[in-house]
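Survey of secondary and tertiary structure
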Amino acid sequence: MYGYQLRTEFDQTTGSTWPLNVGQVYTTLARLERDGLVVAGEEDEEGRTRYEITDAGRVDLASWFGTPVVSSDRPRDELAIKLALAVTVPGVDVSGVIQKQRAATIVAMQDLTRLKASGEGDLSWSLVLESMRFQYDSEIRWLDHCESSLARAARDRDQAITTIEPKTGVKR
Amino acid sequence: MSTPALEIIDVSRIHGRGDAAVHALRGLNLSVSPGELVAVMGPSGSGKSTLLNLAGGLDQATAGRVRVHGQELGSLSKGALAEVRRRMVGYVFQDYNLIPSLTAVENVSLPLELDRVKARAATALAKAAMDEVGLDGLYDRFPDDLSGGQQQRIAIARAIIGDRSLILADEPTGALDSETGEAVLALLRARCNEGAAALLVTHEARHAGWADRVVFLRDGAVVDEAGTTVNPGAFVAGHR
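This text gives an overview of the structure that appears in the document. (Residues numbered from 1 in each chain as written. Chains lettered and ligands numbered in written order. Predicted model: local features only at pLDDT ≥ 70, side-chain atom pairs only at ≥ 80, totals over all residues.)

**Description of the overall build of chain A**
When helices and strands are counted, chain A shows six helices and two strands. When its helices and strands are written in sequence order, chain A yields α-α-β-β-α-α-α-α. For chain A, whose C-alpha radius of gyration is 25 Å, the value lies well above the compact-globule estimate of 16 Å for 172 residues. For chain A, the spread of C-alpha atoms along the principal axes amounts to about 90 × 40 × 30 Å. (Helix = DSSP H or I, 4+ residues; strand = E, 2+ residues; numbered from the N terminus. Rg over C-alpha atoms; globule rule 2.2 N^0.38 Å.)

**Digging into the interface of chain A and chain B**
On the chain B side, the residues contacting the 22 residues of chain A number 23 residues. Examining the composition of the side of chain A that touches chain B, we find that 13 residues originate from one element, helix H5 (residues 94-118) of chain A, more than from any other. Each residue belonging to the side of chain A that touches chain B can be placed in one class, and the counts come to 11 nonpolar, six polar and five charged. (Contact = placed C-beta atoms within 7 Å. Nonpolar A, V, L, I, M, F, W, Y, C, P; charged D, E, K, R; others polar.)

**Some remarks on helix H5 (residues 148-160) of chain B**
Residue and element names in this part refer to chain B. The terminal C-alpha atoms of H5, which comprises 13 residues, lie 19 Å apart, in line with the 18 Å expected from a rise of 1.5 Å per residue. Most of H5 is tucked away: 10 of the 13 residues are buried. Taken together, the buried positions of H5 are Gln-151, Gln-152, Arg-153, Ile-154, Ala-155, Ile-156, Ala-157, Arg-158, Ala-159 and Ile-160. Phi turns positive, to about 70 degrees, at Gly-162, one or two residues after H5. (Expected span 1.5 Å × (residues − 1). Buried ≥ 20, exposed ≤ 12 C-beta atoms within 10 Å, placed from the backbone.)

**A few points about the sheet that holds strand S3 (residues 37-41) of chain B**
Taken in spatial order, the six strands make up an open sheet running S6-S7-S8-S3-S9-S10 (chain B), and their pairing is mixed. The open sheet terminates on both sides in strands that have one partner only, identified here as strand S6 (89-92) and strand S10 (221-226) of chain B. This sheet shows a mean twist of 20 degrees between the axes of neighbouring strands, independent of strand direction. The sheet contact formed by S3 of chain B and strand S8 (residues 197-201) of chain B spans four bridges and is parallel. Each bridged residue has a counterpart across the sheet, and for Val-38 of chain B the counterpart in S8 of chain B is Leu-199 of chain B. The sheet contacts of H5 of chain A involve strand S9 (213-218) and S10 of chain B, and relative to S10 of chain B the element is tilted by about 45 degrees. (Pairing = 2+ DSSP bridges. Axes fitted to C-alpha atoms, helices over the stretch in contact; angles between N-to-C directions.)

**Focus on the sheet that holds strand S1 (residues 6-15) of chain B**
If you trace the four strands from one edge of the open sheet to the other, you get S2-S1-S4-S5 (chain B), paired in antiparallel fashion. Edge positions in the open sheet fall to strand S2 (22-32) and strand S5 (71-72) of chain B, since each of these has one partner strand only.

Structural data, given as structure tokens:
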């Protein structure tokens, strides 16, 4: 397969959710060749190089499919960090931050659901699409959870204040 | 502009009195047009089910107005209200509410028969509604012989039979697996694309994703609304 062809197929399979530039594809192919996982054929008259997977490459690929993705490999979650900071910075409307995110994620979910409803794309594409819909779904569940944790914390704080107040001599 | 299928105007619902009064809804406004699917999300106790009950004339507002296709429910006689409920409004509940001793087609035709539509015509319409939700051929099966997904589709067929143009759905995918639940939502969506209006109470964001608009309730009031744009291309270009 040629580098350009690889990129096109990757794009089709993932519904362009993970855009690659063709330079990245060739750099990666060069590394795979260096490690003996693919071999490059002769350049054809159009200057294209055809790559083929080696036996070692097949073993490596099988091992990749057989290894679960661990969370430390994933990028840090900006949203979790944003909320963690929001509760510590005075004057931030944390509920507002949560609701803004929830509404934005719902809009993203609507976009994905319209794509799903359009019935376009093959099985691979629909699996990627569903993976994103489930991620948004879980993000919103988590936001709901954050909101109720905030409400509980506020209630606990109010209760602490009412129990402290009699000691300061305020009659209720 | 056509008359909204549902208008909730400045509606409050207070249960109990004095210190024990519970404000289930506080001056809520909401309108659903024909062709629209509107989802309502919010934590427990935010007023979602109260809203749905008021919209369907199953409960009365303490203040404010509820209109179904321009008819103000509070001003109708008992009989006229029952007629609006039978003819215009279809309900889909979480637990299906099917009658076990009736066949699928009898369950679906029941609202029409209560409305004194002749049995033969009612059965024909019931079969058409069942065909529409993909249950053709299962007319004479009893609810107990059908899967959860099929039972829920019967409930939807019952909700859309005849000219019912306002569908009220309360967590309609309750016990269904995710694939079957999605199919139920796709059905609701299709019905709205054909001109019905639907109000869907859900806590699942994936299901709310099928809606044109999502309304967020907190403590009996609308605090936010999402999704008025139709822009599927945003995703392909690398959303977020």
